[in-house]
Amino acid sequence: MNELAPRARPAWGAVISMALGVFGLVTAEFLPASLLTPMAADLGITEGMAGQAVTVTAAVALLTSLLISTATRRIDRRHVLLGFSMLLVASNLMVAFAPNLTVLLIGRVLLGMALGGFWTMSIATMMRLVPEDLVPRGLSIMFSGVSAATIAAAPLGSYFGDLFGWRDVFRMAAMLGVLALIVQFLTLPRMAPSGMTRLRTLFDVLMRPRVGLGMLAAALVFTGHFAFFTYIRPFLETVTGVGVSGVATILLGFGVANFLGNYLGGWMVERSLRLTMILMPLLMGTLGLSLVLLESTPATDAALVAVWGLAFGAIPVAWSTWLTRTVPDEAESASGLLVAAINLAIATGAAAGGLIFDLGGALNVFAASAAVLLLAALMILMGVRTRPLASAST
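Taking an unreviewed UniProt entry as the reference, the chain is identified by name as MFS transporter belonging to Billgrantia desiderata. The chain has a UniProt comment under Subcellular location (unreviewed entry) that states "Cell membrane".

Some remarks on the pattern of salt bridges
Considering all chains together, one arrives at 4 salt bridges under this definition. Across the salt bridge formed by D42 and R167, the nearest N and O atoms sit 3.0 Å from each other. Here R167 lies in helix 7 (residues 166-187) and D42 lies in helix 1 (residues 12-43), a separation of 125 residues in the sequence. According to the relative accessible area criterion, D42 is partly exposed, its value standing at 44%. When its relative accessible area of 19% is taken as the criterion, R167 is described as buried. With its nearest N and O atoms 3.8 Å apart, the salt bridge here joins E270 to R271. In this structure R271 comes out as exposed when scored by relative accessible area, which is 52%. One continuous salt-bridge network, built from bridges that share partners, spans R137, E270 and R271.

Brief notes about the confidence of the model for the chain
Within the chain, residue pLDDT values average 86, and 93% of them lie at 70 or more. Segment residues 1-7: pLDDT under 50, and 20 contacts once partners within four positions in sequence are set aside and those in other chains are kept. Across residues 390-394, confidence stays below pLDDT 50; counting only partners more than four residues off in sequence or on other chains, it has 5 contacts.

What about the environment of E270?
Here E270 is to be found in helix 11 (residues 244-271). Measuring from C-alpha to C-alpha, the distance between E270 and M49 comes to 45 Å, with 221 residues separating the pair along the chain. What E270 contacts, discounting residues up to four positions off in sequence, is D133, P136 and R137.

Let's talk about the packing of aromatic side chains
Counted under the stated rule, the structure contains 13 aromatic pairs. With a centroid separation of 5.9 Å and 10 degrees between ring planes, the pair formed by F160 and F164 is classed as stacked. A residue pair is termed a helical-turn pair when its members lie 3 or 4 positions apart in one helix, as F160 and F164 do in helix 6 (residues 135-164) at 4 residues. Note on F226 and F312: the rings are 6.3 Å apart at their centroids and 85 degrees apart in plane angle, and the pair reads as edge-to-face. With F226 in helix 9 (residues 211-230) and F312 in helix 13 (residues 298-326), this residue pair connects regions lying 86 residues apart in the sequence. Per residue, the accessibility class of F226 equals that of F312, and both read buried. Positioned above the aromatic ring of F185 is the side chain of R78, whose terminal nitrogen or guanidinium carbon lies 5.0 Å from the ring centre. Its guanidinium or amino end placed over the ring of F97, R171 lies 4.6 Å from that ring's centre, counting from NZ or CZ.

Regarding the nonpolar core
Membership of the largest hydrophobic core comes to 87 residues, with the highest contact counts inside it found for L129 and W319. At 12 residues, helix 13 tops the list of elements feeding residues into this core. In contact with W319, other than residues within four places in its own chain, are G214, A217, A218, V221, M277, L338 and I380. Among the nonpolar cores identified, the runner-up in size contains 17 residues, and L35, A40, A53 and A173 belong to it.

Cut-offs used in this document
- Residues numbered from 1 in each chain as written.
- Predicted model: local features only at pLDDT ≥ 70, side-chain atom pairs only at ≥ 80, totals over all residues.
- Heavy atoms only, no water.
- UniProt positions renumbered as here; feature names shortened; annotations may be inferred.
- Salt bridge = Lys/Arg side-chain N within 4 Å of Asp/Glu carboxyl O.
- Helix = DSSP H or I, 4+ residues; strand = E, 2+ residues; numbered from the N terminus.
- Buried < 20%, exposed > 50% of the residue type's maximum accessible area, 1.4 Å probe, protein only.
- pLDDT = per-residue confidence, 0-100.
- Contact = heavy atoms within 4.5 Å.
- Phe/Tyr/Trp six-rings, centres within 6.5 Å; stacked < 30°, edge-to-face > 60°.
- Lys NZ or Arg CZ within 6 Å of the ring centre and 35° of its normal.
- Core = buried A, V, L, I, M, F, W, Y, C linked by side-chain atoms within 4.5 Å.

Have a look at this one:
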């Protein structure tokens with residue numbers, strides 16, 4: 001395959017292969033949540049111990065996101081991305097055939113490496129697959145893989161787990177990884193490493209004007225979202241008063257709206273990146289307050305949660321595009337910082353939300369989430385600047 005030249009025609013086949021990779025990775029990440037009980041029973045461990053499969057994946061993903069650009073700085077990016085898909089397949093097969101918890105956790109370590117590495121490389125890769133003005137559209141296609149996995153992984157994992165067994169579900173996930181690997185092999189161009197990234201580069205990038213404040217604002221947005229999303233089920237059960245089927249229906253609405261939000265985000269970012277970055281957390285914060293203050297009914301809460309999903313669908317597209325325009329020369333290092341900030345935000349949002357939930361219930365969690373999101377919107381309005389397309393390359 002030939003090196004992809006700058007300003008070449010959009011490599012949409014490669015973009016779709018990236019979306020398939022995202023779908024496979026996020027599906028594998030989410031599967032334990034719907035299969036925890038049968039996994040624990042089969043391996044003879046507690047559900048809490050089986051839940052460490054999720055913890056270890058997130059921890060390794062965070063560490064990998066900070067180190068991967070340095071560790072692979074001399075390797076063709078095509079080979080690195082194919083390696084992540086190979087890790088995805090190996091991880092799912094190790095989990096599927098795991099005789100004990102140790103082997104299962106090793107398999108999940110491989111997944112964490114693939115997740116952290118793929119996300120770190122993905123934005124810089126997109127900048128090389130499509131012209132600059134089409135990067136938001138390419139990112140929206142790629143992030144649709146996340147939304148599709150959000151919709152499909154939990155319900156299908158649970159269904160097929162009951163039908164065939166949890167190990168077969170992970171074998172199916174391995175087949176998804178093989179499909180992504182084949183399509184990536186056929187479509188990804190050669191991409192020679194564009195820089196000699198070292199660990200100090202991460203610090204240098206963070207100290208650039210606008211970057212540190214932007215990373216902090218992004219972390220606040222994701223913290224506010226995951227404080228909300230982690231405790232949405234107890235809110236719906238205790239405040240809205242819906243049963244399991246009602247929760248499933250509302251979450252499906254969230255997932256579908258989130259999928260559409262990816263494409264809405266791409267459309268909005270092409271018109272005004274800054275407006276999108278301000279408007280979406282402002283809308284999410286307002287929705288959080290509405291869920292706290294308005295009279296709770298299943299129809300009302302379902303609508304508010306769906307609009308939240310639509311708004312959040314635009315967030316990854318917007319912040320990824322901000323990164324490509326703010327740090328175009330060190331996109332991999334900046335992506336590593338952003339991925340690390342998001343993983344830290346996930347942990348912080350869930351942990352802080354849990355403390356607030358135990359002390360004051362779901363309403364207080366949502367109020368705190370709304371406050372964080374509104375603070376993020378204000379911070380973006382006052383201090384985060386974006387570059388227009390014309391100056392991004394200068």
